[in-house]
Amino acid sequence: MRRRGADFRRPTRRRWPNVVWWTLCGILVLLFIVILSKDSQIESRPSMSKRYYQRDKIMEGLNITDEMLSPNSVTRQISDQISLAKALVVIAKESNNLQFAWELSAQIRNSQVLLSNAATRRAPLTVKESETSIRDMALLLFQAQELHYDSATMIMRLKARIQALEEQMGLVNEKSSKYGQIAAEEIPKSLYCLGVRLTTEWFKRPNLQKLDEGRKMDAKLTDSNLFHFCVFSDNILATSVVVNSTSINSKNPNKVVFHLVTDEINYAPMKAWFNMNDFRGVTVDVQKFEDFSWLNASYVPVLKQLQDSETQSYYFSGSNDGSKTPIKFRNPKYLSMLNHLRFYIPEVFPALKKVVFLDDDVVVQKDLSGLFSIDLNGNVNGAVETCMETFHRYHKYLNYSHPLIRENFDPDACGWAFGMNVFDLVEWRRRNVTGIYHYWQENNEDRTLWKLGTLPPGLLTFYGLTEPLDPSWHVLGLGYTNVNPQLIEKGAVLHYNGNSKPWLKIGMEKYKPLWEKYVDYTHPLLQQCNFH
């Protein structure tokens, strides 16, 4: 092959040496590193300042100084010795080594004086001035170690101490519960005085008896177009507050009828009080349960149980189980007929079709006529449910180890409250609800289904027969706990359930005014009996 001539050859490329290329790359890398380092310095400055700020805040909260953070801090060393010595003083006293406890306490005071002097002069402690104190305290701490006052011993002793304190606290709580229950069961002197004076007025003033005889013939007592309320109580003043608060807040008080049932002792004074006072046109009828001929031991299981010596011993002496059952389960009121009459409302008021049941420890602050237009959807009982918390479900009230309970009731069924209930008496009679109550009451003669009161048999009796109401109709807890102020403001009926009733000295002071504003303390009889 012939070669091209010199004029026709391609020009030769000039190549850069490798050294130049490597130099350029190095310069670019250096520039990149410099730029990154400057950015990171800019960003780190605020974070560093923030870190110092946080440290200053922590130091301020812990009440420490820069000197105490130093690895050679004398102040911190003395403070640590004092903390350990204080714990050892407790252990020495528990071990009855009072001499050693006194020596530790004396050395603690010496060390505290050193720290106090340093704080006063605003200068840190020096090694020279604190050397003796540190050495003396170290010697005592070493001696404590030789006496086996180490951490393990300290933990064991503190655990034993905590257990002893818990046992003491349990005894104190038990006594507190017992004395609180006794205080709740006692009748205040003023209430007793009022009953005596009203009884005197009843028999001294024949016009009151004539007025009462006229009310017995009032057609309103059986008029189904009116608003009928019932209260079963032996407390005159509490019942008066229920009637008065209902009348004051009612839009049509002349359409309100109250049916009161009490016992023989309080019958005359109760009638005297409600015939002496006017409640804005509200009709009030008073009966005593001793007049109910159907109320006998052959029909009512509770009356039959009261005749049983074991039941009487359980409720009135508490001597048959070694006091294993809490005192609140032994309250005789749970066998009171006034407490159990709520299960016999159709028999007590045979002419009524619908009634609102109220406990005597409630106060009404809204018009309640709307309760009578609520559709119960074929149910018997209208009540506010209380199962917002797990405590108020069926398994908390009933004994689910018993087959009768376990096989018939859902343990997670929602509980509800007595105290403000709407009862459809027509449906009650049709379903024989009182018969259901008798069945469960008879099966609980040995108290194996439930122990406490009327709510458990109520839950069994009205199981599947209860219509939930809006919670604002019935606000509970004013007699034992703190209640949301917004709930109280919206509540139609406020319930002082619990031991702290508003007419007792142990009542919760912040809730008493809601009840007391319906008591006329200027009434001559109340003044004579020192109500205030």
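Scroll up a little and you will see the structure.
Residues numbered from 1 in each chain as written. Predicted model: local features only at pLDDT ≥ 70, side-chain atom pairs only at ≥ 80, totals over all residues. Heavy atoms only, no water.

A.B. asks: How would you explain helix 5 (residues 127–146) if you had to name every residue and give the values?
C.D. replies: With 20 residues, helix 5 should reach 28 Å at 1.5 Å per residue; the first-to-last C-alpha distance of 27 Å fits that figure. For helix 5, every residue scored as buried is listed here: S130, S133, I134, M137, L140, L141 and A144. Residues of helix 5 that are buried in the fold lie against helix 3 (74–94) and helix 4 (98–121). (Helix = DSSP H or I, 4+ residues; strand = E, 2+ residues; numbered from the N terminus. Expected span 1.5 Å × (residues − 1). Buried < 20%, exposed > 50% of the residue type's maximum accessible area, 1.4 Å probe, protein only. Contact = heavy atoms within 4.5 Å.)

A.B. asks: Describe the packing of aromatic side chains, naming the residues involved and giving the relevant values.
C.D. replies: Applying the stated criterion to the full structure yields 26 aromatic pairs. Seen from their ring centres, F343 and F418 are 5.9 Å apart, and the 90 degrees between their planes marks the pair as edge-to-face. With F343 in the loop between helix 13 (337–340) and helix 14 (345–348) and F418 in the loop between helix 15 (403–408) and strand 7 (420–424), the pair connects residues that are 75 residues apart, well separated along the chain. F418 gets classed as buried once you look at its relative accessible area, which sits at 7%. Lying across the ring of F418, R342 places its NZ or CZ 4.8 Å from the centre. (Phe/Tyr/Trp six-rings, centres within 6.5 Å; stacked < 30°, edge-to-face > 60°. Lys NZ or Arg CZ within 6 Å of the ring centre and 35° of its normal.)

A.B. asks: So what's going on with the state of the cysteines? Residues and values would help.
C.D. replies: Throughout the structure, instances matching the rule amount to two disulfides. The disulfide partner of C193 is C529, and the gap between their sulfur atoms is 2.1 Å. Residues C193 and C529 share a disulfide whose torsion about the S-S bond is about -75 degrees; that sign makes it left-handed. Taken together, the residues C193 in helix 7 (residues 189–204) and C529 in the segment after helix 21 (524–528) connect sequence positions 336 residues apart. The class of C529 is buried, set by a relative accessible area of 4%. C387 shares a disulfide with C414; S-S distance 1.8 Å. With the S-S dihedral at roughly -95 degrees, the linkage between C387 and C414 falls on the left-handed side. Separated by 27 residues along the polypeptide, C387 in the loop between strand 6 (381–383) and helix 15 and C414 in the loop between helix 15 and strand 7 bring together distant segments of the chain. The burial state of C387 is the same as that of C414; both residues are buried. (Disulfide = S-S within 2.5 Å.)

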